[in-house]
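# Observations on the three-dimensional arrangement
So the chains spell out like this:
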Amino acid sequence: MAGVFDRLVGQEHVEVELTGAARAARGGAASAGSLMTHSWLFTGPPGSGRSVAALCFAAALQCTGDGEPGCGHCHACTTTMAGTHGDVRRVVPEGLSISVAEMRAIVQTAARRPSTGRWQVVVIEDADRLTEGAANALLKVVEEPPERTVFLLCAPSVDPQDISVTLRSRCRHVALVTPSVEAIAGVLRERDQLDVETALLAASISGGHVGRARRLATDEEARARRGQALGIASAATRPATGYAAADELVRAAEAEAKEMSAARDERETEELRTALGAGGTGKGAAGALRGSAGALKDLERRQKSRATRTGRDSLDRALMDLAGLYRDALAVALGSGAQPNHPDKADQVRKMAAAGSPEALLRCVEAVLECREALAVNVKPRFAVAAMVAKLGAELK
């Protein structure tokens with residue numbers, strides 16, 4: 001049976017490093033540079049598998065198999081990968097940030113001794129969403145970690161905007177790379193039984209993101225959303241259609257977020273109301289529910305934050321697709337042989353390259369990236385996208 005590290009795509013150097021560290025953690029022989037430490041930082045572009053790598057490493061640390069750490073079939077490996085191991089805690093922020101209160105609770109849990117496993121492991125996905133207070137709370141325990149506790153942080157990069165310099169300096173850095181088109185296509189063929197042509201096309205337009213490649217290959221709605229995002233480029237050249245297309249793009253992102261959240265929100269609300277006494281007939285049941293308004297309001301706030309993040313993430317994917325299209329046009333205008341982000345849009349790219357100078361196309365890329373930055377500082381999506389469309393239209397009329 002395959003080991004846990006087989007889930008990584010195109011990251012052979014990472015597998016070697018983490019396997020060596022897990023072997024050293026057991027007390028076995030390890031190669032130079034593979035010694036174990038208590039704090040790790042996994043970085044890489046979206047889709048590279050940084051959180052998967054962290055979880056695989058957690059499984060390898062807990063592995064009870066006789067062979068190489070991370071065997072994939074012992075109880076510790078299977079429960080870790082399934083998210084049910086008692087000594088592996090995954091912190092996945094659902095809102096826009098990880099608060100200091102959340103981090104203090106996590107740190108308190110991390111201080112305990114392992115109950116069944118070799119280590120108490122805390123995997124913090126999207127560590128770039130730590131607030132300043134949360135980062136400081138984590139830093140205190142990372143500087144003096146409990147003997148059997150390991151922290152695995154995941155962030156896009158080591159840039160100070162993604163992770164504080166002090167926190168970064170306390171962690172061992174593991175850098176993941178964007179998987180190749182061939183590696184992603186191979187995964188789609190072997191694990192999803194897709195034909196060669198479909199797998200290769202999905203891999204080539206996924207931006208190096210394995211999960212997105214799978215969605216584009218199997219989900220008609222995902223392909224439609226991508227087409228809608230790329231359609232902004234032509235719509236922006238005509239004021240009559242540009243702003244309408246911008247509004248539709250934002251509405252689509254909001255609708256996707258609402259659709260993804262609706263069933264879960266309803267279930268969470270009903271579970272909380274039941275826990276607080278809704279439907280009860282005993283004495284004091286009605287009074288207990290009346291006093292629960294604060295808890296229900298807090299849940300509603302968290303759900304709203306989660307929906308906002310989901311919508312922003314959906315919109316960000318669309319903007320990255322759009323930036324990639326302008327980048328392809330810029331490459332054609334300059335006569336570059338760089339691999340295109342959207343090989344299936346070659347005709348549209350050639351028209352864009354002919355319509356504007358390289359300088360204008362570069363300013364279009366910058367306009368899309370400025371829109372992403374505006375969204376990151378909470379500018380209203382409709383305003384940010386409309387401003388972007390205005391700049392795109394001015395450059396390529």
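Residues numbered from 1 in each chain as written. Predicted model: local features only at pLDDT ≥ 70, side-chain atom pairs only at ≥ 80, totals over all residues. Heavy atoms only, no water.

### Quick look at the overall build of the protein chain
Each helix and strand in the protein chain was counted, giving 17 helices and five strands. Taken across its 397 residues, the protein chain has 44% of its residues classed as buried. For the protein chain, the proportion of contacts with a sequence separation of at least 24, taken over those separated by at least 6, is 72%. Accessible surface, the protein chain: about 19800 Å² in total, of which carbon and sulfur atoms supply 53%. (Helix = DSSP H or I, 4+ residues; strand = E, 2+ residues; numbered from the N terminus. Buried < 20%, exposed > 50% of the residue type's maximum accessible area, 1.4 Å probe, protein only. Contact = heavy atoms within 4.5 Å. Areas by Shrake-Rupley, 256 points an atom, 1.4 Å probe, with all protein chains shown as cover.)

### Some details on the side chain of R312
By the secondary structure assignment, R312 is in helix α14 (residues 293-333). Nearest to the buried, unbridged R312 among oppositely charged side chains is E254, at 7.6 Å. There is a polar contact of 3.2 Å between the side chain of R312 and the backbone oxygen of L375. There is a polar contact of 3.3 Å between the side chain of R312 and the side chain of N378. Beyond its immediate stretch of four places on either side in the chain, R312 contacts L375, N378, V379 and P381. (Lys, Arg positive; Asp, Glu negative; His and termini not counted. Salt bridge = Lys/Arg side-chain N within 4 Å of Asp/Glu carboxyl O. Polar contact = N/O pair within 3.5 Å; in protein donor to acceptor, adjacent residues only side chain to side chain.)

### Things to note about the sheet that holds strand β1 (residues 39-43)
Ordered in space as β2-β3-β4-β1-β5, the five strands form an open sheet in which the pairing is parallel. Every other strand in the sheet has two partners, leaving β2 (88-91) and β5 (172-175) as the edge strands with one partner each. When strand polarity is set aside, the average angle formed by the axes of neighbouring strands in this sheet is 15 degrees. With four bridges connecting them, β2 and strand β3 (residues 120-124) associate as parallel partners. Bridge pairing in β3 places V91 opposite I124. Across the sheet, helix α4 (residues 100-110) touches β2, β3 and β4 (149-155), and the angle it forms with β3 is around 155 degrees. Contacting β1, β3 and β4, helix α5 (residues 132-143) runs over the sheet at an angle of about 140 degrees to β4. (Pairing = 2+ DSSP bridges. Axes fitted to C-alpha atoms, helices over the stretch in contact; angles between N-to-C directions.)

### Examining the pairing of β3
Where burial is concerned, most of β3 is hidden: five out of the five residues are buried. Neither face of β3 is left uncovered, since the one carrying Q120, V122 and I124 and the one carrying V121 and V123 both have all their residues buried. Two strands pair when backbone bridges link them, and β3 and β4 are joined in this way by five bridges, in the parallel orientation. Bridging from a neighbouring strand, I124 pairs with L153 of β4.

### Here's the deal with the packing of aromatic side chains
Applying the stated criterion across every chain yields a total of two aromatic pairs. Judged by centre distance (6.4 Å) and plane angle (55 degrees), the rings of F42 and F57 are tilted. Here F57 lies in helix α2 (residues 50-62) and F42 lies in strand β1, a separation of 15 residues in the sequence. Accessibility assignment for this pair places F42 and F57 in one class, buried. Taken together, the ring pairs connect W40, F42 and F57 into an aromatic cluster. A cation sits over an aromatic face here: R148 above W119, 4.0 Å from the ring centre. (Phe/Tyr/Trp six-rings, centres within 6.5 Å; stacked < 30°, edge-to-face > 60°. Lys NZ or Arg CZ within 6 Å of the ring centre and 35° of its normal.)

### Considerations on the nonpolar core
By size, the foremost hydrophobic cluster in this structure holds 37 residues, and its most contacted members are I232, L322, Y326, V368, V385, M388 and L392. Among the elements of the structure, α10 (220-230), α11 (232-235), α12 (239-275), α14, α15 (346-355), α16 (358-376) and α17 (381-395) are those that each provide at least two residues to this core. With near-sequence residues (within four places) excluded, M388 lies in contact with I232, L319, L322, A367, V368 and C371. With 33 residues, the next largest nonpolar core counts A54, L55, C71 and W119 among its residues. (Core = buried A, V, L, I, M, F, W, Y, C linked by side-chain atoms within 4.5 Å.)

### Quick look at the pairing of β1
When you tally the buried positions in β1, you get five out of five residues, the bulk of the element. Across the two faces of β1 the burial is the same, with S39, L41 and T43 and W40 and F42 all buried. Examined bridge by bridge, β1 and β4 share five bridges and lie parallel to one another. By the bridge assignment, F42 is partnered in β4 with C154. The pairing of β1 with β5 spans four bridges and is classified as parallel. Within the sheet, the bridge partner assigned to T43 lies in β5 and is A175.

### What about the packing of helix α7 (residues 181-192) against helix α8 (residues 196-204)?
Interhelical geometry of α7 versus α8 gives an angle of 135 degrees and a closest axis separation of 8 Å. What the angle tells us is that α7 and α8 run oblique. Relative to α8, α7 is oriented so that their crossing is right-handed. Between α7, through V181, I184, A185, L188 and R189, and α8, the contact on the second element is made entirely by V196, A199, L200, A202, A203 and S204. Broken down by class, the residue content of the contact of α7 with α8 amounts to nine nonpolar, one polar and one charged. (Parallel < 35°, antiparallel > 145°, perpendicular 65-115°, else oblique. Left-handed = near helix turned anticlockwise from the far one by under 90°. Nonpolar A, V, L, I, M, F, W, Y, C, P; charged D, E, K, R; others polar.)

### Some words on α4
Restricting attention to buried positions, one finds in α4 the residues M103, I106, V107, T109 and A110. Along the axis of α4, the buried residues cluster in a sector spanning 160 degrees; they form a single face. Exposed side chains of α4 directed beyond 90 degrees from the buried face belong to A101, R104 and Q108. Where the residues of α4 are buried, they touch β2, β3, α5 and β4. (Arc of directions from axis to C-beta.)

### Description of a nonpolar patch on the surface
On the surface, a cluster of nonpolar side chains totalling about 300 Å² of accessible area is made up of V377, V379 and F383. Locating F383 in the fold gives a position in helix α17. (Patch = residues over 30% accessible without salt bridge, like charges linked within 9 Å, V, L, I, M, F, W, Y side chains within 5 Å.)

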